[in-house]
Amino acid sequence: QVQLLDSGGGLLQAGGSLRLSCAASGSFGRINIMGWHPQAPGSQRYLVAIITSVGSTNYADSVKGRFTISRDNAKNTMYLQMNSLKPEDTAVYYCYADHNLQWGGRRVSWGQGTQVTVSS
């Protein structure tokens, strides 16, 4: 199976920038879709950005124009560039991957989460 290591979170002021990373390792086939799912305190996880294996992207309205998702297939790594951060962006950001297994089948995996805290 795939293991996902998400990192890059931190504490910063509103208007600042962060770059999150998610590195995939283990035994797996093609990673079809990757995305970022933040979860704020007392709230459910939601989707802010996804990217397909061919680079097609979608964003939540709240982050469109501020966040950019990308992936480096050679490194099996996904990134989320977060600009113009707002306090409402504060959440634990979880890396998500919809991937094929090495010898057939398809699974979904999650990272452990990385904390993003934006103060005013």
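Only a predicted model underlies this, so the values are computations on that prediction, with no experimental measurement involved.

**Focus: the state of the cysteines**
- Counted under the stated rule, the structure contains one disulfide.
- The disulfide that involves Cys-22 links it to Cys-95, with 1.9 Å between the sulfurs. Torsion about the S-S bond of the Cys-22 and Cys-95 cystine: about -75 degrees, corresponding to left-handed handedness. Here Cys-95 lies in strand β9 (residues 91-100) and Cys-22 lies in strand β3 (residues 18-26), a separation of 73 residues in the sequence. Take Cys-22 and Cys-95: they sit in the same class, and that class is buried.

**Thoughts on the nonpolar core**
- Met-34, Trp-36, Met-78, Leu-80, Met-82 and Tyr-93 are the most contacted members of the largest nonpolar core, which totals 28 residues.
- Looking at this core, the elements with two or more residues in it are β1 (2-7), β3, β4 (31-39), β5 (49-52), β7 (67-72), β8 (77-82), β9 and β11 (114-119).
- Beyond its immediate sequence surroundings of up to four residues, Tyr-93 is in contact with Asp-6, Leu-20, Trp-36, His-37, Pro-38, Val-48, Phe-67, Leu-80, Met-82, Gly-113, Thr-114 and Val-116.

**A closer look at the pairing of β7**
- Taking every second residue as pointing to the same face, the buried face of β7 carries Phe-67, Ile-69 and Arg-71, while none of Thr-68, Ser-70 and Asp-72 on the other face is buried.
- With six bridges joining them, β7 and β8 adopt antiparallel strand pairing. Paired with Arg-71 across the two strands is Met-78, which belongs to β8.
- Turn length for the β7-β8 hairpin, with the two strands adjacent in sequence and antiparallel, is four residues, and the turn residue Asn-76 shows positive phi of about 50 degrees.

**Re the side chain of His-37**
- Looking at where His-37 falls in the secondary structure, it is placed in strand β4.
- Dropping the residues within four chain positions of it, His-37 is found in contact with Arg-45, Tyr-46, Leu-47, Val-92, Tyr-93, Tyr-94, Tyr-96 and Trp-110.

**Observations regarding the environment of Thr-90**
- Looking at the element boundaries, Thr-90 is found in the loop between β8 and β9.
- Residues Thr-90 and Val-118, spaced 28 residues apart in sequence, show a C-alpha to C-alpha distance of 5.5 Å.
- Beyond its immediate stretch of four places on either side in the chain, Thr-90 contacts Ala-40, Gln-115, Val-116, Thr-117 and Val-118.
- Looking at Thr-90, its side chain comes within polar contact range of the main-chain oxygen of Pro-87, at 2.9 Å.

**Here's the deal with the pairing of β11**
- Taking every second residue as pointing to the same face, the buried face of β11 carries Thr-114, Val-116 and Val-118, while none of Gln-115, Thr-117 and Ser-119 on the other face is buried.
- Pairing of strand β2 (residues 10-13) with β11, which is carried by four bridges, proceeds in the parallel orientation. By the bridge assignment, Gln-13 is partnered in β11 with Ser-119.
- Direction of pairing for β9 relative to β11: antiparallel, over a ladder of three bridges.

**Focus: the packing of aromatic side chains**
- Evaluated as defined, the whole model comprises one aromatic pair.
- When the ring centre of Tyr-94 is taken as reference, the NZ or CZ atom of Arg-45 above it lies at 3.6 Å.
- The side chain of Arg-45 reaches across the aromatic face of Trp-110, ending 4.7 Å from its centre.

Rules behind the numbers
- Residues numbered from 1 in each chain as written.
- Predicted model: local features only at pLDDT ≥ 70, side-chain atom pairs only at ≥ 80, totals over all residues.
- Heavy atoms only, no water.
- Disulfide = S-S within 2.5 Å.
- Helix = DSSP H or I, 4+ residues; strand = E, 2+ residues; numbered from the N terminus.
- Buried < 20%, exposed > 50% of the residue type's maximum accessible area, 1.4 Å probe, protein only.
- Core = buried A, V, L, I, M, F, W, Y, C linked by side-chain atoms within 4.5 Å.
- Contact = heavy atoms within 4.5 Å.
- Pairing = 2+ DSSP bridges.
- Polar contact = N/O pair within 3.5 Å; in protein donor to acceptor, adjacent residues only side chain to side chain.
- Phe/Tyr/Trp six-rings, centres within 6.5 Å; stacked < 30°, edge-to-face > 60°.
- Lys NZ or Arg CZ within 6 Å of the ring centre and 35° of its normal.

Read these as geometric descriptors, not functional statements.
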